[in-house]
Amino acid sequence: MSFCYVASTKLPTRWGEFTLHGFKDINNDQEHVSISMGDLSSEGPVLARIHSECLTGDALFSLRCDCGLQLESALELIAQEKRGVIFYLRQEGRGIGLLNKIKAYDLQDNGADTVEANLKLGFDADQRDYSILKFMCDHFNISELRLMTNNPAKLKAIEELGINLSERVPHKIAACTHNSNYLSVKRDKMGHII
Ligand SMILES: Nc1nc2c(ncn2[C@@H]2O[C@H](COP(=O)(O)OP(=O)(O)OP(=O)(O)O)[C@@H](O)[C@H]2O)c(=O)[nH]1
Ligand SMILES: [Zn+2]
């Protein structure tokens with residue numbers, strides 16, 4: 001696996017000014033970003049979120065999932081602490097890509113759940129690869145994370161990568177009529193702590 005850091009710039013937001021950092025996975029030319037605030041290398045665990053790209057939820061206001069609200073909430077909590085980082089990984093649709101996620105949504109419109117839809121399309125339920133996280137943590141000189149997540153697979157991934165975790169911070173968003181089934185399937189079939 002080989003990764004590189006490319007560039008950083010200011011990212012003013014409605015929660016305050018963050019810094020946006022660009023990284024590249026040289027193996028597949030995939031581009032990823034991190035969004036940070038404060039000194040990540042100073043002592044004490046860093047409040048962090050591993051966010052998987054969700055164009056529909058993050059940018060198009062979709063209520064089919066909780067991604068957009070989770071992203072907003074993470075930015076807000078980091079701004080409150082004036083220190084933290086979002087690792088924004090471009091692994092759309094749990095790693096199957098945007099157009100395949102649209103196909104999966106179409107299957108869900110016809111009765112499949114989120115896991116069944118992935119399997120019907122010939123994918124695993126979750127194809128995400130977190131290996132760039134170790135490179136990003138080392139780049140920022142982060143010694144330990146407080147990770148905002150409900151997903152045990154992310155905890156397992158960072159443990160396997162040798163990244164220190166001091167605490168899991170639950171990251172729940174209120175369910176609505178559009179996402180309640182999606183959230184139940186994450187709890188019942190994918191082991192999410194919700
Ligand atoms: N294949 C597929 N991907 C989806 C679907 N809904 C959301 N996603 C993707 O799922 C990813 C978000 O992962 P989730 O499993 O919802 O939650 P998580 O981020 O792993 O868990 P938390 O850290 O607790 O929020 C994003 O990449 C979304 O694009 C779906 O129905 N099918
Ligand atoms: Zn989403």
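Residues numbered from 1 in each chain as written. Chains lettered and ligands numbered in written order. Predicted model: local features only at pLDDT ≥ 70, side-chain atom pairs only at ≥ 80, totals over all residues.

> Would you mind going over the overall build of the chain with me for this structure?
Of the regular secondary structure elements, the chain holds 8 helices and 7 strands. Principal axes of the C-alpha set define a box for the chain whose edges measure 50 × 35 × 30 Å. For the chain, the proportion of contacts with a sequence separation of at least 24, taken over those separated by at least 6, is 60%. (Helix = DSSP H or I, 4+ residues; strand = E, 2+ residues; numbered from the N terminus. Contact = placed C-beta atoms within 7 Å.)

> When you look at the pairing of strand β5 (residues 84-89) in this model, what are you seeing that I'm missing?
The side chains of a regular strand alternate between the sheet's two faces. Of all 6 residues in β5, 6 are buried, a share of seventy percent or more. Side-chain alternation along β5 places Gly-84, Ile-86 and Tyr-88 on one buried face and Val-85, Phe-87 and Leu-89 on a second face that is also buried. Summarising the sheet, strand β3 (residues 30-37) and β5 pair through 5 bridges and their orientation is antiparallel. For Ile-35, the partnering residue across the bridge sits in β5 and is Ile-86. Direction of pairing for strand β4 (residues 46-52) relative to β5: parallel, over a ladder of 5 bridges. (Buried ≥ 20, exposed ≤ 12 C-beta atoms within 10 Å, placed from the backbone. Pairing = 2+ DSSP bridges.)

> Even after reading the chapter, I still don't get the site of ligand 1, so can you show me in this structure?
Around ligand 1 lies a shell of 22 residues, among which Ser-52, Cys-54, Thr-149, Asn-150 and Asn-151 are the nearest. Sorting the residues of the shell around ligand 1 by element identifies α2 (67-81), α3 (92-95), α4 (98-109) and α5 (114-120) as the ones contributing at least two each. In terms of residues, the shell around ligand 1 owes the most to one element, α3, which gives 3 residues. Its residues placed into classes, the shell around ligand 1 shows 5 nonpolar, 11 polar and 6 charged. (Near = placed C-beta within 6 Å. Nonpolar A, V, L, I, M, F, W, Y, C, P; charged D, E, K, R; others polar.)

> I tried to follow the pairing of β3 on my own but got confused; where do I start?
Examined bridge by bridge, strand β2 (residues 16-25) and β3 share 7 bridges and lie antiparallel to one another. Following the sheet pairing, Thr-19 is matched in β3 by Ser-36.

> Where do I start with the environment of Ser-180 in this structure?
Position of Ser-180 relative to the elements: it lies in helix α8 (residues 180-190). The class of Ser-180 is exposed, set by 11 C-beta atoms lying within 10 Å. When the C-alpha positions of Ser-180 and Asp-66 are compared, they lie 9.6 Å apart, and in sequence the two are 114 residues distant.

> How do you make sense of the sheet that holds β3 when you look at a structure like this?
Within a sheet, each strand pairs with its neighbour through backbone hydrogen bonds, oriented either parallel or antiparallel. Here 7 strands make up an open sheet; going across it, the order is β1-β2-β3-β5-β4-β6-β7 and the pairing mixed. Both edges of this open sheet fall to β1 (3-13) and β7 (165-169), since each of them pairs with a single strand only. Recorded for the sheet is a direction-independent mean angle of 25° between the axes of neighbouring strands. Of the pairings in the sheet, the one linking strand β6 (residues 145-148) to β7 comprises 4 bridges and is parallel in character. Along β7, the bridge assignment pairs Leu-147 with Arg-168. Sitting on the sheet, α2 is in contact with β1, β2, β3, β4, β5 and β6, with an inclination near 165° to β4. With respect to the sheet, helix α7 (residues 152-161) is in contact with β4, β6 and β7, its orientation differing from that of β7 by roughly 170°. (Axes fitted to C-alpha atoms, helices over the stretch in contact; angles between N-to-C directions.)

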